[in-house]
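# Examination of the molecular architecture
Now for the letters of each chain:
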Amino acid sequence: MRRNIFLYLFLFAALYIIFQSINSSKGLEYQERRINKLENKIAKKDSLYSVLEDRLANTEYFTLLGNENTKEYFDNDNLVVEDIKPVIVDGLYAKNTAKGNDLINFVGDGRPFQINRVQVLNHRWIIADFSDGKKWGELLVEYFVNEDGSVDYNRVESLVYPN
């Protein structure tokens, strides 16, 4: 009798060990597949992040804050780019009046053209978007920062998109 009990215990223990080893190996395989899937997702996100970072660097090259030559230009005049940019942009928006903007050489249909968006490209040029509510156009402006901190604007070129 005692022999049978030990035999049954031995068989039960052997079956339990076999069950645990099979179960754990399947669990490990599942975890490895899951890890591989997550690593692939991370690799895709990293490559997407790299592409977006490159695009952002290319886009920021033609901005006041992204152009190193512009920063050096303003540093030579003892001006801080972060401080002068709002002055430049606000001065351009201040030219918008109820009669229009004197930098825009087009006449609107019923309403005057006014500047909507501005992008300062470098230490000399600005590109602006303007509209009268029906027609849209773009404007290339040359600007100069005077020693007293004022800004002078000159229209270089402008266009209105056809309807």
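Here's what I pulled together on the structure shown here. (Residues numbered from 1 in each chain as written. Predicted model: local features only at pLDDT ≥ 70, side-chain atom pairs only at ≥ 80, totals over all residues. Heavy atoms only, no water.)

### Here we look at the pattern of salt bridges
Our working definition: Should a side-chain nitrogen of Lys or Arg be within 4 Å of a carboxyl oxygen of Asp or Glu, the pair is scored as a salt bridge. Labels follow the DSSP assignment, with helices taken as runs of H or I lasting at least four residues and strands as runs of E lasting at least two, numbered in each case from the N terminus.
For the coordinates displayed, the defined rule picks out 2 salt bridges. Between Glu 68 and Lys 71 there is a salt bridge whose closest N-O contact spans 3.8 Å. With Glu 68 and Lys 71 both in helix 2 (residues 68–76) and 3 residues apart, the pair spans about one turn of that helix. In this structure, Lys 95 and Asp 102 form a salt bridge, with 3.8 Å as the shortest nitrogen-oxygen distance.

### Some words on the sheet that holds strand 1 (residues 114–120)
As a reminder of what qualifies: DSSP bridges decide pairing: two strands pair if at least two such bridges lie between them. Angles shown run from 0 to 180 degrees and are taken between the N-to-C directions of axes, each axis being a line fitted to C-alpha atoms and, for helices, limited to the stretch in contact. We call two residues in contact whenever any of their non-hydrogen atoms come within 4.5 Å of each other.
Within the open sheet, the 4 strands sit side by side as 1-2-3-4. Their pairing is antiparallel. Two strands bound the open sheet, and with one partner strand each, they are strand 1 and strand 4 (151–160). The mean inter-strand angle of the sheet, taken between neighbouring strand axes irrespective of direction, is 30°. Here 6 bridges tie strand 1 to strand 2 (residues 125–131), and the two strands are oriented antiparallel to one another. Looking at strand 2, one finds that Gln 114 is bridged to Ser 131. The strands touched by helix 3 (residues 81–94) are strand 1, strand 2, strand 3 (136–145) and strand 4; relative to strand 1, the strand with the most contacts, the crossing angle is about 160°.

### Quick notes on the packing of aromatic side chains
We count it as follows: For Phe, Tyr and Trp, where Trp contributes only its six-membered ring, two rings pair if their centres lie within 6.5 Å, and the inter-plane angle classes them as stacked under 30 degrees, edge-to-face over 60, or tilted in between. Throughout, exposure labels follow a simple rule: accessible area from a 1.4 Å probe, protein chains only, divided by the maximum for the residue type, with under 20% read as buried, over 50% as exposed, and the rest as partly exposed.
The full count for this structure, using the stated rule, is 4 aromatic pairs. Between Tyr 73 and Phe 74, the aromatic rings sit 5.6 Å apart at their centres with planes inclined by 75°, giving edge-to-face as the arrangement. Residue classification places Tyr 73 among the partly exposed residues on the basis of a relative accessible area of 29%. For Phe 74, a relative accessible area of 1% puts it in the buried group. Among the aromatic side chains, those forming a connected cluster through ring pairs are Phe 106, Phe 113 and Phe 130.

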